[in-house]
Amino acid sequence: MTFVKILGTALLALLYTVSPIDCIPDILPVVGWGDDVAVIVWAWTTIGKLLKEPTPT
């Protein structure tokens, strides 16, 4: 189950980052990239927490 969560988080973050439709358009130089960076940081920390979870035996 953890693998599915990790894969889902990574795919959603990737899709949001490369999608031309997002909350703040990338046309705005710094602010537009800021939401993409925030999503990548969120995915990175979420995946890190999921990797530290103990696996059921």
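Note that the structure is predicted; figures quoted are calculated from it, not measured. (Residues numbered from 1 in each chain as written. Predicted model: local features only at pLDDT ≥ 70, side-chain atom pairs only at ≥ 80, totals over all residues. Heavy atoms only, no water.)

1. Some points on helix α1 (residues 2-18)
What sets the pattern is the α-helix's 3.6 residues per turn: residues three or four places apart point alike. Inclusion rule: Secondary structure follows DSSP: runs of H or I at least 4 residues long count as helices, runs of E at least 2 residues long count as strands, and numbering of each begins at the N terminus. A helix is expected to reach a length of 1.5 Å times the quantity of its residues less one. Accessibility here uses a 1.4 Å probe with only protein chains present; expressed as a share of the type maximum, an area under 20% marks a residue as buried, one over 50% as exposed, and anything in between as partly exposed. Note that the arc is defined by the directions from the helix axis to the C-beta atoms. Only heavy atoms enter the contact rule, under which two residues are in contact if any of them lie within 4.5 Å.
Taking 1.5 Å of rise per residue, the 17 residues of α1 would be expected to cover 24 Å, and the 24 Å separating its terminal C-alpha atoms lies within 8% of that figure. Listing the buried residues of α1 in full gives Ile6, Thr9 and Ala13. Buried residues in α1, looked at end-on, bunch into an arc of 65°, giving them a common side. Structural note: α1 exposes Phe3, Val4, Leu12, Leu14, Leu15 and Val18 on the side pointing more than 90 degrees away from its buried face. On the buried face of α1, the contacting elements are α2 (29-52).

2. Some points on the side chain of aspartate 36
Applicable threshold: Positive residues here are Lys and Arg, negative ones are Asp and Glu, while His and the chain termini are left out of the count. Salt bridges are defined as contacts in which a side-chain nitrogen from Lys or Arg sits within 4 Å of a carboxyl oxygen from Asp or Glu.
With respect to the helices and strands, the residue aspartate 36 is situated in helix α2. No salt bridge is formed by the buried aspartate 36. Its closest oppositely charged neighbour is lysine 49, at 20 Å. The residues touching aspartate 36, leaving out its near neighbours within four places in the chain, are Tyr16, Thr17, Asp22 and Asp26.

As far as function goes, none of this settles anything; it's purely spatial.
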